[in-house]
Amino acid sequence: MKYLILVTLFLLCASGVMAQGHSLIFPTPQKLSYREGKLFLKNITIYTNPKWSAEERFAVEALKTNLVTASGLPLKKALNPTQSTLSILVKAGGGLLPTPNENVKGDREGYSLEITEKGISITATTSTGLFYAAQTISQLVEAWGQEAFLPFVSIQDQPVLPYRGVMMDMAHGGLPTVDEIKKQIDFLSRWKTNQYYFYNEVSIEMNGFDDLNYKQGYSQAQMKEIIEYGKLRHMDVVPFVAFYGHLHDLLKKERYSKLAIGNFGHELDPRNPEVGRILKNWIKQYVELFPSAFVHIGFDETWETNRLRIESDSSIHSEELWLQHLRVITDEFKSYGKTVMAWTDMTSYYPELMNKFPEDVIPVIWEYSPDTAALHHYLDPILKAGKKFIIQPAVSGWGHIYPAAAYTYDNIDLCIQEGMKNKTKGFITSVWTDAVEPFVRPSWSFMAYGCATAWSGKEANRNQFESCFGKVLVPNAGEALVKANALMAESVDLLYTCLGKNTGNMPGGTIIESWSNPFNEYYLSITKEKEAVFRLVRSKTEEASDLLIGAIKKSNGWQQSYLESMRVTANLLHYEASRFLWAHVMCTRWDKAMLETKRNSFVFYDLGYICHGLVQDMMDELGTLKEDYKNAWLSENMNYRLNTMMGRFDVEMGLWQKLLLKMIDHRIKHAADEVSTKPFAQLFNPDF
């Protein structure tokens, strides 16, 4: 409950565009009309009915918390229902989570809300609708303190799409703590999300495989805790498991290597009987652990099988193996009554795949770019086969320290537009952590945007939404957060004009090169050409950091750790620009003095002075950033993979430390007025 209180704090969710003088809300209700009048929060009384279900009580308590936060006054307790300003009618029990045959016209999640001089009246088919009505009311409050009020309004609302989820990667980067996952669930429930896809490869404890993920994942007890936490917030925690490809963390172990279709590969070999035995064991454990009616089994990017067929073993019938394995896994889950979902990107290799796709498996189309042709490359085979599908965009955060904002928004908008046009069953916003370094928290705004668009079935005004997001998350410093995010997004776009163009099949984006040797001739030439860009990134990220420091001072509770993660993200971007720029400045300063003017005019003092030379600047900034990064990591994630990142900081420190020692050694061995005949990069050869 404590995280729900923090996340659903009252806010005046100003969107920048007003409806009859009132703030718009997100997700946008289907029908909303205001009339003259206001209900002051200080006059509200609430009766707690002992006959309410646990879910009904939870929703009402969330509403009470929001109202108390808005007014700063305790709510009056009504002695009986007739004295209560709040009237609720929940027509049926159950209906907490989505089902395989979910129909939005069935109104499980819908609600009607009336605020008049008589009070607040909520009518919902189930407690889910009641909970969502409470989230809407928190955005309707206007003014602040003792004069806070609810405008007279009439709302009828229900989602356009029955399945609205976020897929969180729990396999490739940092593993969020259970505490952090709960915060994510609380936050996403604010945006009326009903599915939380827990993507993992071997990150969940499987009995009998203790050495596979020891201290590197989630225990089954932790998973049960997360699942129950989500249920009360009407969030179905759906298992998302790699059951074919992407299993390197299993297959890299000698004892399991023979399960691979290729030594220490990434994909299982469906022809191996032991594969079926192990997966049958896993499926039973997942079914017992996850009560969700759904399971997503992955099945994407089985490139290894196809490559081996082409390069070395023509007896491998990769399409037949894919379909065979899909049927085996599907049949096993079906025997437990589960509805199976699977990705269909392998239509790129097997164009006729969808004609053979099992009827009872829901195809999921993923496309993470804002490219209409790329999306239809995967969508068209589904449409041609007449399949009902779910569509899945992503937050573009795997290739950058801060997500590529416009790219992500455009991708989400494209997917909702094409999805609705072609009658998608649902919408899943992906968050990937392949690059390890980025925190997940900078992705929160984009996750929320995906959820809000899924409810309404259409893209939202981005500026309006961002303003709303800032006030939802940090009510007393929302504007600062929004502006800081915008500055970081601009910085990423600027860095992309310099870096990230030749990353091949690695995560495309600026992060791959962020730790490359800045004294390499290739990067020095880039920095020389783009010096103004790197300087602009430094200016923008310094401003973002200032804004976030101000927000931290105003905030309280866990919001401080969230804002600190954002501040560290801004500083990571600043350091990325600084290291390239400073390498260029050092080389230019030395080469001009030694090779052009032929005068050793304090060049050692400027570059190598052990108190405040440019090399020392880099070590100082790096050292502070390293400690801040570690603390921010641990506020969000488990220890797992932290050392992977700390190692990068250590190697980077070695670059600057070695360079400083080389410069000092050179200075000691040569006369003070001696002029060098070699360029800086050639003479000192800075390297890791």
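Note that this is a predicted model, so its numbers are computed, not measured.

A word on the packing of aromatic side chains
Part 1 of the argument: Using the criterion set out here, one finds 50 aromatic pairs in the structure.
Part 2 of the argument: Ring centres 5.1 Å apart and planes at 50° place the aromatic pair Trp-191 and Phe-465 in the tilted group. Placement of the pair is Trp-191 in the loop between α4 (178-190) and β11 (195-200) and Phe-465 in helix α13 (residues 462-473), with a sequence separation of 274 residues. Here Trp-191 and Phe-465 have matching classes, each one buried.
Part 3 of the argument: On the numbers, 5.6 Å between centres and 50° between planes, the contact of Trp-444 with Trp-558 is tilted. One end of the pair, Trp-444, is in helix α12 (residues 444-456); the other, Trp-558, is in the loop between α16 (531-554) and α17 (559-596), with 114 residues separating them in the sequence.
Part 4 of the argument: With a relative accessible area of 0%, Trp-444 lands in the buried category.

Focus on the pairing of strand β15 (residues 361-366)
Part 1 of the argument: Of all six residues in β15, six are buried, a share of seventy percent or more.
Part 2 of the argument: Where burial is concerned, the two faces of β15 agree: the one with Val-361, Pro-363 and Ile-365 and the one with Ile-362, Val-364 and Trp-366 are both buried.
Part 3 of the argument: Relative to β15, strand β14 (residues 339-343) runs parallel, the two being bridged by four bridges. Bridge pairing links Ala-342 to Pro-363 in β15.
Part 4 of the argument: Summarising the sheet, β15 and strand β16 (residues 390-392) pair through three bridges and their orientation is parallel. Bridge assignment links Val-364 to a residue of β16, and that residue is Ile-390.
Part 5 of the argument: Note on the crossover from β15 through helix α10 (residues 372-384) to β16: the handedness is right-handed.

Focus: the nonpolar core
Part 1 of the argument: Ranked by internal contacts, the top residues of the largest apolar core, which has 191 residues, are Phe-243, Trp-282, Met-586 and Trp-656.
Part 2 of the argument: Among the elements that take part in this core, α17 stands out by supplying 18 residues, more than any other.
Part 3 of the argument: Contacts of Phe-243, omitting those with residues within four sequence positions, involve Leu-268, Leu-279, Trp-282, Ile-283, Tyr-286, Ile-297, Phe-299, His-325, Ile-329 and Phe-333.
Part 4 of the argument: Listed in part, the 37 residues of the second largest apolar core include Ile-25, Tyr-34, Ile-137 and Leu-140.

Brief notes about the confidence of the model for the chain
Part 1 of the argument: For the chain, per-residue confidence averages 93 on the pLDDT scale, and residues scoring 70 or more make up 97% of the total.
Part 2 of the argument: In this model residues 1-18 is a low-confidence stretch, pLDDT under 50, and it forms 66 contacts with partners more than four residues away in sequence or in other chains.

What counts and how
Position labels on residues start from 1 in each chain and follow its written sequence. The predicted nature of this model means local features are confined to residues of pLDDT at least 70 and side-chain atom pairs, given and counted, to a pLDDT of 80 or more, with totals for whole chains, interfaces and linings taken over all residues. Side-chain metrics rest on all non-hydrogen atoms present in the structure, leaving aside hydrogens and water. In summary, the pairing rule links any two rings of Phe, Tyr or Trp, Trp by its six-membered ring, whose centres are within 6.5 Å, and it sorts them by plane angle into stacked for under 30 degrees, edge-to-face for over 60 and tilted for everything else. We count a stretch as a helix when DSSP gives it H or I for four or more residues in a row; a strand needs E for two or more, and each element gets its number in order from the N terminus. Each residue gets one of three labels from its accessible area relative to the maximum for its type: buried under 20%, exposed over 50%, partly exposed in between, using a 1.4 Å probe on protein chains only. Criterion used throughout: strands pair if DSSP finds at least two bridges between them. With the strands aimed away from the viewer, a crossover counts as right-handed if its path from the first strand over the helix to the second runs clockwise. As used in this record, nonpolar core signifies buried Ala, Val, Leu, Ile, Met, Phe, Trp, Tyr and Cys residues forming a set joined through side-chain atoms within 4.5 Å. The contact criterion used throughout is that any non-hydrogen atoms of two residues lie within 4.5 Å. The pLDDT value tells you how sure the predictor is about a given residue, anywhere from 0 up to 100.

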